[in-house]
Amino acid sequence: MTAELQVFCRTATAGEQRDAVFVEIDGKARRLTLRISQLSKQIAQSVDPILTDLLEVAGYVYATDTVVSRGGLTQRRMGEDWRRKFHLSIPVRELDIWTREDIKAALEDVLSFVSEDNWRFTFRQAELAPEPKEYLNLAETEETAPTSVMLFSGGLDSFAGALDEVLSRGERVALVTHGSGTKLAPIQKKLVAYLRQQTSAPSVQHIPVTAQVRAGETKEETHRSRSFLFAALGVATARCFGLDRIHFFENGVVSMNLPLGSHVVGARATRSTHPQTLAGFSKFFTALLGSPMSVDNPFFWKTKAEVIDVLRQHEAQGMIRHTFSCAHVREITRQHTHCGRCSQCVDRRLSMLAAGLAHEDPVVDYKTDLLAEPITDTQDRELALAYVRAARRYRELDERSFLVNFPEVTRAMDALGQDRKAGLQRLLALHNRHGTGISEIVDGMLADRLAPKGTATLEDDTLLTLIGQERFAPRQPLLMDTHEQVPVVHSKPDLIVVKLIDAPRGTRVEIEGLGDFTGAAAEVLMTLAEQFLAARGGGLAPEDHPLMKGGKLAEAWDLESEEGVRKRIQSVRSLIAKRAKSAGQSPPDPKAIVENLPWHGYRLNPTNCDVRRIHD
């Protein structure tokens, strides 16, 4: 059972950075820069203290989420270590409001849903709190005051939403952007400049936000509470302008984010714009402010391809390549703005093809060409395949199978405020359209690669090769097609069989074709093989097989340091390569048998290996 972490929160004191808040955990203070500014220097009005409280509370939550790890890749099965437990003690100006049970309950409920952590709050009276104007600086005149506030990430969906607000609805928009670094700022500024060029009226205000944990203190990359911080910033902005609504723009398939498989949970099933999340935000903000405040998603009933079509309708397809969708912000370079392998990149690339605008999103902007290059990483390969599998499944679903396979849709139907039957039909139609569009483009590309003779040799481990292999495998009935089955010629190697042979004198280790392994090499292989068998026995998918950290292996092998573990692993890999060469085989990739992921540990490669226990 994970222990509850006590988090003491405070604002800056004399001599400390003015635009900072601090969370103290185990006696150590972590700093979050919380800076909001706007291009105009004119201060429109004093900011209500409750809004300043809200911004600080959201900052404390985000900082706590960011500096406390969930346990890394080994926690994807969402055990107790995934669901962290926090008790935050927070100073506030409006103590009477924050200590109301309905407000605390609404805050704890929505944060628990969006982050899947357990949150508990104790509020205390703030002392020497910074003035609100140190946080918020907004311009407002009768001619320029916005009529719409939206959260603007610089992504494709938010850009299409902003364009639609300005051109289709004639709104004056305030674009609230949040960043934890500086790499996205040029992208956002370029898109804002384009939006301003589309109208002669002052219809676009840009409010950039920095919420950044001090360098070196980020321990958790999922950032599932980020949407709460983002929403709080939008609500504070809307309230200052007398508005009672803010918009997130996200296509409905991503908002629902149904699990791509039974094992796809945790970080890969985020709830940032899920209908229940937005309904929870609306409930909390309304209770806190004492008047209605709605958080909605106008693009919920659109697929990604349909959002892309909004840009085509406004003749803005030339701006597509300047939007940013990738999850790996730190990997941005001038040459490659997208990694090409994360879930967002997979969705963007295939949806762009489905919308017929792939030429507006050049493949050279992607570090990895999803369709033409081998996918060597186990995690990336399974994610891309799972995306296509899910699309094929969505295409085939009816109302009954939709509910049976995805019972969590009932939460969305309740939050959407619609008749349950009508809501179910619309959700099903949304996923049917997405599944049909993606499946048709993938099937068409596969058919083109295999034409004209019906057989072709495709490079191993590209997405199309892997899809082709699964498509005709009898163990994957959901991926079968009624069209004529065309054989795919490939040269994927057989699994590497690692045998644990139990004999009267003890257990020995054999790799099929490479002989027995003894001594330290046997100890390495045996430790990792036992873990492999435990993972497979627990029904874990390959990408969810846990890794053993270097420190734990050092203890198990009675070594003095993790450096000793690295040397022992390298020795085993070298011995395997030597045995393969002696047997007339090509030396395997170093990670083909003993795989490691930096900072996470080691395991037998679950994609390439099969472990068998044999009683001699």
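Residues numbered from 1 in each chain as written. Predicted model: local features only at pLDDT ≥ 70, side-chain atom pairs only at ≥ 80, totals over all residues. Heavy atoms only, no water.

**Q** Account for the sheet that holds strand 13 (residues 515–517), with residues named and values stated.
**A** Strand order in the open sheet formed by four strands is 13-12-11-16, with mixed pairing between adjacent strands. Only two strands of the sheet have a single neighbouring strand rather than two, namely strand 13 and strand 16 (609–615). Between one strand axis and the next, the sheet turns by 30° as a mean value, whatever way the strands run. As paired elements, strand 11 (residues 496–503) and strand 16 share seven bridges and run parallel to each other. (Pairing = 2+ DSSP bridges. Helix = DSSP H or I, 4+ residues; strand = E, 2+ residues; numbered from the N terminus. Axes fitted to C-alpha atoms, helices over the stretch in contact; angles between N-to-C directions.)

**Q** Explain the packing of aromatic side chains to me, using residue names and the numbers behind them.
**A** One pass over the structure, following the stated rule, counts 16 aromatic pairs. On the basis of an interplanar angle of 65° and a centroid distance of 6.2 Å, the ring pair of F402 and F406 is categorised as edge-to-face. Of the residues examined, F406 reaches a relative accessible area of 3% and is grouped as buried. Following the ring pairs from residue to residue traces out a cluster consisting of F86, W98, W119, F121, F123, F228, F281, F284 and F285. (Phe/Tyr/Trp six-rings, centres within 6.5 Å; stacked < 30°, edge-to-face > 60°. Buried < 20%, exposed > 50% of the residue type's maximum accessible area, 1.4 Å probe, protein only.)

**Q** Give a detailed account of the packing of helix 16 (residues 519–537) against helix 18 (residues 562–582), specifying residues and quantitative values.
**A** When two helices pack together, their arrangement is given by the angle between the helix axes and by the axis-to-axis distance. Where helix 16 contacts helix 18, the axes come no closer than 10 Å and their chain directions differ by 100°. Compared by their axis directions, helix 16 and helix 18 come out roughly perpendicular. Across from A520, A521, E523, V524 and L525 in helix 16, the residues of helix 18 making contact are R568, I569, V572 and L575. (Parallel < 35°, antiparallel > 145°, perpendicular 65-115°, else oblique. Contact = heavy atoms within 4.5 Å.)

**Q** Talk me through the side chain of R381; I want residue IDs and the actual numbers.
**A** Here R381 lies in helix 11 (residues 378–396). With near-sequence residues (within four places) excluded, R381 lies in contact with I375, T376, L466 and T607.

**Q** Outline the environment of G564, listing residues and values.
**A** You can see G564 is positioned in helix 18. When its relative accessible area of 24% is taken as the criterion, G564 is described as partly exposed. Each C-alpha atom of the pair G564 and L553 lies 9.6 Å from the other, and the pair is eleven residues apart in sequence.

**Q** Residue-level account of the environment of A554, with values.
**A** Note on placement: A554 falls in helix 17 (residues 550–556). What makes A554 buried here is its relative accessible area of 6%. Taking the C-alpha atoms as reference, A554 lies 10.0 Å from R568; in sequence the two are 14 residues apart. If sequence neighbours within four positions are ignored, A554 has contacts with L559, S561 and V565.

**Q** Run through the pairing of strand 11, naming residues and quoting values.
**A** Summarising burial for strand 11: six of the eight residues are buried, a large majority. Inspection of the sheet shows strand 11 paired to strand 12 (residues 506–511) by six bridges, in the antiparallel sense. Looking at strand 12, one finds that K499 is bridged to E510.

**Q** Kindly report on the confidence of the model for the protein, identifying the contributing residues and their values.
**A** For the protein, per-residue confidence averages 82 on the pLDDT scale, and residues scoring 70 or more make up 82% of the total. Within the model, the stretch residues 36–44 combines pLDDT values under 50 with 31 contacts to residues more than four positions away or in other chains. (pLDDT = per-residue confidence, 0-100.)

**Q** Explain the nonpolar core to me, using residue names and the numbers behind them.
**A** Among the nonpolar cores identified, the biggest contains 64 residues, and L88, W98, F228, F284 and F285 are the most heavily contacted of them. Of the residues forming this core, the biggest block, eleven residues, is contributed by helix 1 (residues 49–67). Among all residues touching F228, those that are not within four sequence positions of it are L54, A58, V61, L107, L111, F281, F284 and F285. Core analysis: the second largest hydrophobic core is formed by 36 residues, I187, V307, I308 and C339 among them. (Core = buried A, V, L, I, M, F, W, Y, C linked by side-chain atoms within 4.5 Å.)

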